[in-house]
Amino acid sequence: MRQKKSTLQIEQHNFKFIKNPSNCNETTMNHQQNNHHRRLNHKSLVCCSSSEALLATKSVALKVLKLGYVKLFWIKTPSRVVMLLCLPSIYFFSLNHHKSLYVYVLFLIFISIVVLSAVKLGSIKLFVVKSFPFLKVFEPSETRTPVVWSIGSKNQIGENSVSGLLVKVYSNGDVYEGEFYKGKCSGSGVYYYNMNGRYEGDWVDQKYDGYGVETWAKGSRYRGQYRQGLRHGFGVYKFYTGDMYAGEWIKGQCHGHGVHTCEDGSKYVGDFKGGVKHGLGHYHFRNGDMYAGEYFADRMHGFGVYNFANGHRYEGGWHEGKRQGFGLYTFRNGDTQSGYWEDGILSVTPRYPTPVSHAKVLKAAEDARRIAEKAMAAAKVDVKVNRAVAAANRAANAARVAAVKAVQKRVHHHDDPVLDIV
């Protein structure tokens, strides 16, 4: 009873003390209340900041995991572990510096990218380069593999050291049957392109080199010389349309002396450059006309003589396939027209005095006749072309024999490593 009473008295005394304005003024009470509210607000702010940091960390974690499952599913596990281990540091940093959270995240991502780009992992480096092209500077130049073009579906350098007769099947459907040396097509052999054609002939270091016959599915065929995988030397190319070129080749193009025969009956004999008529030559048109003279970029250009099928004749200058400059036109009955020609038509108002223009016309006609004679006497390539074709036929026969032996060896020796699928 005494203890309860004392407690009650103390409470009553405190109540009286609080209610008494003399013992406690309003300033003291307000100051105590403000301190109390400040402590409550500080706790709430701490809780709020921690909750915001937790939510921000959670959103970042979800984005990272989503990115990892969507775009980085092929990256190995350690990279994900590294990203997850960074999340606690993000949380504690955002607890007191929530305003700089995103700056810290960006800085951390940049550091991670730099570290991962330094690690020699192919998949990670490939992702970094594709996602951030500006980071290619971190890739050392000496690690880049040079592009090498070769026969087949992929680079065959250093594949194996097999030599002898071999049958090789490529992943793109191509097949080679013939001789090999140190894992490369060398000697005689036949290469079948998948649904496109075949090559039969000589090989050196995985390329056409020597003599051979190349046939395409549409019907085109080339027989002649090769060098380093390209038509080079003398040979005959017959197009599937019926046209044919027989003559010199340089680096895969008609270049030098040759004969181009068209299906419609027209024929050109003369010089070629870069696959087109260029130089001296004579052209027999299907309607009976004939031109002998200079060519430039596949057109009559320079001086030349044009004989029409009806007996007319023009001797003079040409420009891009049309009569241009001084020239002499002779009709079948002997009449002539001379002067300055523009765009294939004789100019009515001459630019020069009559005596001077007549002398220039005669000079141009003489030059045209002289050049036409040279064009008609162009070097003949029939003998060299025939020799190249005969050698190509022999090489093709030897290649077919080697292919048959390679197939027979494969059939009779199942245990020999003579079939490679690459």
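Residues numbered from 1 in each chain as written. Predicted model: local features only at pLDDT ≥ 70, side-chain atom pairs only at ≥ 80, totals over all residues. Heavy atoms only, no water.

Caption draft 1: Summary view of the side chain of D174. Within the secondary structure layout, D174 lies in the loop between β1 (164-169) and β2 (175-181). Summary of buried charges: D174 has no salt-bridge partner, and the nearest side chain of opposite charge, K168, is 12 Å away. At 3.0 Å, the side chain of D174 forms a polar contact with the side chain of Y191. Here the side chain of D174 touches N194 through a polar contact of 2.9 Å, landing on its backbone nitrogen. Among all residues touching D174, those that are not within four sequence positions of it are K168, V169, Y191, Y192, Y193 and N194. (Helix = DSSP H or I, 4+ residues; strand = E, 2+ residues; numbered from the N terminus. Buried < 20%, exposed > 50% of the residue type's maximum accessible area, 1.4 Å probe, protein only. Lys, Arg positive; Asp, Glu negative; His and termini not counted. Salt bridge = Lys/Arg side-chain N within 4 Å of Asp/Glu carboxyl O. Polar contact = N/O pair within 3.5 Å; in protein donor to acceptor, adjacent residues only side chain to side chain. Contact = heavy atoms within 4.5 Å.)

Caption draft 2: Looking closely at the nonpolar core. If you look at the biggest cluster of nonpolar residues, it comprises 27 residues, and the most contacted ones within it are Y176 and W203. For Y176, the contacting residues outside a window of four places in its chain are L166, V167, K168, Y170, C185, S186, S188, G189, V190, Y191 and W203. Counting 7 residues, the second-largest nonpolar core is a separate cluster that includes F234, V381, A388 and V389. (Core = buried A, V, L, I, M, F, W, Y, C linked by side-chain atoms within 4.5 Å.)

Caption draft 3: Highlighting the environment of E315. Here E315 is to be found in strand β14 (residues 313-319). When its relative accessible area of 5% is taken as the criterion, E315 is described as buried. C-alpha separation for the pair E315 and F326, spaced 11 residues apart in sequence, amounts to 8.9 Å. Sequence-distant contacts of E315, that is, excluding residues within four places in its chain, are made with G304, V305, G327, L328, A365, A368 and R369.

Caption draft 4: The arrangement of the pairing of strand β9 (residues 253-261) in detail. In this structure, strand β8 (residues 244-250) lies alongside β9, joined through 6 bridges in antiparallel fashion. Considered in β9, the bridge of I250 is made with Q253. Following β8, the chain reverses through 2 residues before pairing antiparallel with β9; K251 in that reversal takes a positive phi of roughly 55°. Judged from the 6 bridges that link them, β9 and strand β10 (residues 267-273) form a sheet pairing that is antiparallel. Paired with V259 across the bridge in β10 is V269. (Pairing = 2+ DSSP bridges.)

Caption draft 5: Spotlight on the environment of V385. Mapping V385 onto the fold places it in helix α7 (residues 382-412). Under the relative-accessibility criterion, V385 is labelled buried at 4%. The spacing of V385 and E248 is 137 residues in sequence and 8.0 Å in space, taken between C-alpha atoms. Apart from the residues within four sequence positions on either side, V385 is in contact with F234, G235, V236, A246 and G247.

Caption draft 6: Geometry of the pairing of β8. As defined by bridge partners, strand β7 (residues 230-238) adjoins β8 across 6 bridges and the pair is classed as antiparallel. From the neighbouring strand, G233 faces β8, where its bridge partner is W249. Taken together, β7 and the strand that follows it, β8, pair antiparallel across an intervening segment of 5 residues, in which G242 is found at a positive phi of about 110°.

Caption draft 7: Spatial organisation of unusual backbone geometry. We note that K251 has phi near 55°; this positive angle belongs to a residue other than glycine. Judged by its relative accessible area of 64%, K251 is exposed. For A297, which is not glycine, the phi dihedral falls at a positive 55°. Looking at the secondary structure, you find A297 in the loop between β12 (290-296) and β13 (299-307). Judged by its relative accessible area of 44%, A297 is partly exposed.

Caption draft 8: Broad picture of the packing of aromatic side chains. Enumeration over the complete set of coordinates arrives at 34 aromatic pairs. Sitting over the face of the ring of Y222, R231 holds its NZ or CZ atom 5.5 Å from the ring centroid. Sitting over the ring of Y314, R323 keeps its end group 5.4 Å from the ring centre. (Phe/Tyr/Trp six-rings, centres within 6.5 Å; stacked < 30°, edge-to-face > 60°. Lys NZ or Arg CZ within 6 Å of the ring centre and 35° of its normal.)

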